[in-house]
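# Observations on the three-dimensional arrangement
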Amino acid sequence: MTATSSSSLDTLFMARAVALSREHMEKGEGGPFGALVAVGDTVVAEGWNQVTSTNDPTAHAEVVAIRRACTALGRFDLRGATLYTSCEPCPMCLASALWARVGRIVYANTRGDAAAIEFDDAPFYDEVARAPSTTLVAMEHQPSAEARAVFQAWAAKPDKIAY
């Protein structure tokens, strides 16, 4: 890391994430959300909400930034990276960051702030905690010998890439 302190970098990178949220919201590309992934003092990738402009409900700022960072770094593991985002990650974005092994998340607005402007993710946070038999979307467990066999083949696969 350079002589710039972590606190100064946090301020700088958060300002950029917020600027991305405003810039792309004003361009009509999606909701008011921006994010970036940094490793040390280097921004690896940026993202902004593109849900409505791409008709992709998974194109949240954080997911876009994570996808771009993984592509830029040529790996699916973002250990040691920090995700800066203009708003507390929704359950999908948080899960994406966890799967990517992001080391740290820094956010500006809270989930309550988002709910106040009609981006209320409370039902999704609640849903994640439910048992499959009580979810809002009907879920049925249908055991499959072939599905089990595929898992067993994965477990025994000597050249698998664990993640």
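Residues numbered from 1 in each chain as written. Predicted model: local features only at pLDDT ≥ 70, side-chain atom pairs only at ≥ 80, totals over all residues. Heavy atoms only, no water.

For the record, the criterion: UniProt positions are given in the numbering used here, feature names are shortened, and annotations may be inferred rather than shown by experiment.
An unreviewed UniProt entry lists the protein chain under the name Nucleoside deaminase, with Phreatobacter stygius as the source organism. Of the comments in the UniProt record for the protein chain, the one headed Sequence similarities (unreviewed entry) reads "Belongs to the cytidine and deoxycytidylate deaminase family."

### Structural notes on the pairing of strand 3 (residues 81–87)
We apply this condition: Using a 1.4 Å probe on the protein chains alone, a residue whose accessible area is under 20% of its type maximum counts as buried, one over 50% counts as exposed, and one in between counts as partly exposed. Counting from the N terminus, the helices are the DSSP runs of H or I reaching at least four residues and the strands are the DSSP runs of E reaching at least two. Any two strands are treated as partners once DSSP identifies two or more bridges connecting them.
Counted residue by residue, strand 3 has 7 buried out of 7 residues, so it is predominantly covered. Inspection of the sheet shows strand 1 (residues 34–39) paired to strand 3 by 5 bridges, in the antiparallel sense. Following the sheet pairing, alanine 35 is matched in strand 3 by threonine 85. By the bridge criterion, 5 bridges tie strand 3 to strand 4 (residues 104–109) in an arrangement that is parallel. Bridge pairing links tyrosine 84 to valine 106 in strand 4.

### Details of the sheet that holds strand 2 (residues 42–48)
Condition: To obtain an axis, a line is fitted to C-alpha atoms, over the contacting stretch when the element is a helix, and the angle between two such axes runs from 0 to 180 degrees between their N-to-C directions. Residue contacts are counted whenever heavy atoms from the two residues lie within 4.5 Å of one another.
Read across the open sheet, the 4 strands follow the order 2-1-3-4; overall the sheet is mixed. Only two strands of the sheet have a single partner each, and these edge strands are strand 2 and strand 4. Strand-to-strand twist in this sheet, taken as the mean axis angle between neighbours without regard to direction, amounts to 15 degrees. Docked against the sheet, helix 3 (residues 61–73) engages strand 1, strand 2 and strand 3, running at close to 140 degrees with respect to strand 2.

### Let's talk about the nonpolar core
Just so we agree on the cut-off: Here the nonpolar core consists of buried residues drawn from Ala, Val, Leu, Ile, Met, Phe, Trp, Tyr and Cys, with membership extended through side-chain atoms lying within 4.5 Å.
Counting 17 residues, the largest nonpolar core has Val37, Ile66, Leu78, Leu83 and Val102 as the members making the most contacts within it. The biggest single contributor to this core is helix 3, with 5 residues. Ignoring sequence-local partners within four residues, the contact set of valine 37 consists of Thr42, Val43, Val44, Ala45, Ala65, Ile66, Ala69, Leu78, Ala81, Thr82 and Leu83. By size, the runner-up hydrophobic cluster in this structure holds 8 residues, among which are Phe13, Ala17, Ala38 and Tyr84.

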